[in-house]
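Residue strings, one per chain:
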Amino acid sequence: FNSFAFILSSGINAEYGALLIALAVGQSEDPFAEFDTEDTVIIADDYDVEVEPSVLTDTVENTELEDEDSQVIIEDEDFEGINPSEKPQTGNNELNIVNAPINMKGHWDDYYLEIIGLIGVFVYALNFYTGKSINNRLANAWFEHHKKLLSDNFYIVGDDGVSKEVSEGVLVKESENKFVLWCTGRLGCEGIKIEIKLLRRQDLISVLSQMFKPQSDTITVTVYLSPDDMDSVVLAVMPRKGIKRLQQEVQDLAHFATEKKVDKFDLPSQLGVLSEFSEVSNEFLSVPVCKTISENLDVFDSMHFSDYYTGFKISQESQAETERPKPVKRMIFNFVIPGFGKRTKSAIMETTEPLMRMVMHMMGKVSKFKLSKENKSKAERHRIQVEEDFLKQTHNQRQEAAQARRDERKRIEKEKVQELDAEAQRRYEEREYKKSMRRSGPRVKQLKVKTG
């Protein structure tokens, strides 16, 4: 109580006052507390009290623990009949699972994109296997029907071209819609290559485009001739609507062939004839040949004979970089299967048999044909002139390329001279002037003569 009176009379701060009261209470309960708290320092100077913070914290905590000990009393009698290891049950621990039915009604709209995708994949796969089987059946039907005709004219029919030993009866499948047949072993030619190009029935997009732009299955027969098997012959029979375009694009037709009148031949008016000499067209377009073409006009597309075949024209840009193709001797026949791909029965492939017999007839006729001396000399002059024109054209292209390189070097030199100072530029101009004078002046050869 004296301490309370001292605090109230001296006007010390309330917080420090509470601390001093707690210290006083602690000292009254434990008379030996002053020996246990050696670090406690209390300084009162002009009513200012300083207390070490550690002492303040320890004192407050001890006070709170003592208060709790005095209020909480744990007795063992309160826990009689209770097993501490057992957890109290708060309710029913069993999990009840209700088998509710799955309701799919009204949820198919959420998967319409997946459904459309699956249907598209199924339709594409079905069309692929269906179109693939149709193309295989048509190609094999053509080969089986024409196999006897080819065997009568060639020793080997259907060589695969891969194995070292000779193989026969192989129809090479290059893709799902392209088949190739090689035949060799006949006098007058090195061999023939028959390409069966069918529609892309295995491709769904091509099938859809076929509805708007119909196309037909085609068969191309290419006859490879040796240099001694054909004389100077250039002849083409093709549809009139595309004859002008092909005459401009195909090199041998552009250089040698001119259009002939169809009236003198027994051919339909929708066909056109290109030939180098009338002698060639009169010889090959005989009455039986024209009759075969007219009777099979829906199957016949074109035929092209050339002893100077180099393919289509090459553009000037690529021609300056590549060499001219070497001329070869070829006979090319193009046939179409009627029906624009709608008729897929195997019997439709038999329509090309008359034209295939015409091919065999033309092969024998070409090997025996010889030009007259007059036309032979004209043909040789024409081919020499084509070679000279080609050399002149390539020479001019080489000169233009060389001039372009010289101009580029001069431009680079001028740019370098502009970066020099005035004195260096003057010396450069004097040096270039002397070079130009030496080039333009007469060339004088000096000879040194020793005397004595």
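Residues numbered from 1 in each chain as written. Predicted model: local features only at pLDDT ≥ 70, side-chain atom pairs only at ≥ 80, totals over all residues. Heavy atoms only, no water.

1. A few points about helix α10 (residues 287-295)
Every buried residue of α10 is accounted for by V289, C290, T292 and I293. Seen end-on, α10 carries its buried residues on one side only, within an arc spanning 160°. The outward face of α10, more than 90 degrees from its buried face, is lined by the exposed residues V287, P288 and E295. (Buried < 20%, exposed > 50% of the residue type's maximum accessible area, 1.4 Å probe, protein only. Helix = DSSP H or I, 4+ residues; strand = E, 2+ residues; numbered from the N terminus. Arc of directions from axis to C-beta.)

2. Regarding the packing of aromatic side chains
Counting across every chain of the model gives seven aromatic pairs. Seen in terms of ring centroids, F305 and F333 are 5.5 Å apart; in terms of plane orientation they differ by 65°. Their pairing is edge-to-face. Separated by 28 residues along the polypeptide, F305 in strand β11 (residues 300-309) and F333 in strand β12 (residues 328-336) bring together distant segments of the chain. Summarising the burial analysis for this pair, F305 and F333 share the class buried. Each ring, one from F333 and one from F335, has its centre 6.4 Å from the other, and the planes form 40°; the classification is tilted. (Phe/Tyr/Trp six-rings, centres within 6.5 Å; stacked < 30°, edge-to-face > 60°.)

3. A few points about the confidence of the model for the protein
A low pLDDT score tells you not to read the predicted coordinates there in detail. Of the residues in the protein, 72% reach a pLDDT of 70 or more, and the chain-wide mean stands at 78. Throughout residues 63-72 the model reports pLDDT below 50, and contacts reaching past four residues in sequence, or to other chains, amount to one contact. (pLDDT = per-residue confidence, 0-100. Contact = heavy atoms within 4.5 Å.)

4. Some points on the nonpolar core
Grouped together as the largest cluster of nonpolar side chains are 59 residues, with contacts concentrated most on M303, F305 and F333. Tallying contributions element by element places helix α12 (residues 353-368) first for this core, with eight residues. Beyond its immediate chain neighbours, meaning those up to four positions away, M303 contacts L235, A236, V237, L285, I293, I332, F333, M358 and M362. Listed in part, the twelve residues of the second largest apolar core include V234, F256, A257 and V386. (Core = buried A, V, L, I, M, F, W, Y, C linked by side-chain atoms within 4.5 Å.)

5. Examining the pairing of β12
In terms of residue burial, β12 counts as a mostly covered element, since seven of its nine residues are buried. Across eight bridges, the pairing between strand β7 (residues 218-225) and β12 is antiparallel. Residue pairing for β12: V223 is matched across the bridge by M331. As judged from the seven bridges shared by β11 and β12, these two strands associate in the antiparallel manner. In the sheet register, S302 faces β12, and the bridge partner there is N334. (Pairing = 2+ DSSP bridges.)

6. Observations concerning the pairing of strand β8 (residues 234-239)
Taken across its six residues, β8 has five buried, putting it largely inside the fold. Pairing of β8 with β11, which is carried by four bridges, proceeds in the antiparallel orientation. Pairing of L235 across the sheet is with F305, part of β11. Here five bridges tie β8 to strand β10 (residues 271-275), and the two strands are oriented antiparallel to one another. Each residue of the ladder has a partner; that of M238, found in β10, is G272.

7. Quick notes on α12
Compared with an ideal rise of 1.5 Å per residue, which puts 16 residues at 22 Å, α12 spans 24 Å between its outermost C-alpha atoms and is within 8% of the ideal. Along α12, the residues classified as buried are L355, M356, M358, V359, M360, M362, M363, K365 and V366. (Expected span 1.5 Å × (residues − 1).)

8. Describing the pattern of salt bridges
Per the counting criterion, the structure on display carries 19 salt bridges. A salt bridge links K244 to E259; the nearest nitrogen and oxygen atoms lie 3.4 Å apart. Taken together, the residues span a long stretch of sequence, with K244 in helix α7 (residues 243-249) and E259 in strand β9 (residues 258-260) at a distance of 15 residues. (Salt bridge = Lys/Arg side-chain N within 4 Å of Asp/Glu carboxyl O.)

9. Topic: the packing of α10 against α12
Contact geometry for α10 and α12: axes closest at 10 Å, N-to-C directions at 155°. Between α10 and α12, the crossing angle belongs to the class labelled roughly antiparallel. Here α10 runs over α12; the crossing is left-handed. In contact with V289, T292 and I293 of α10, α12 contributes P354, L355, M358, H361 and M362. Its residues placed into classes, the contact of α10 with α12 shows six nonpolar, two polar and no charged. (Axes fitted to C-alpha atoms, helices over the stretch in contact; angles between N-to-C directions. Parallel < 35°, antiparallel > 145°, perpendicular 65-115°, else oblique. Left-handed = near helix turned anticlockwise from the far one by under 90°. Nonpolar A, V, L, I, M, F, W, Y, C, P; charged D, E, K, R; others polar.)

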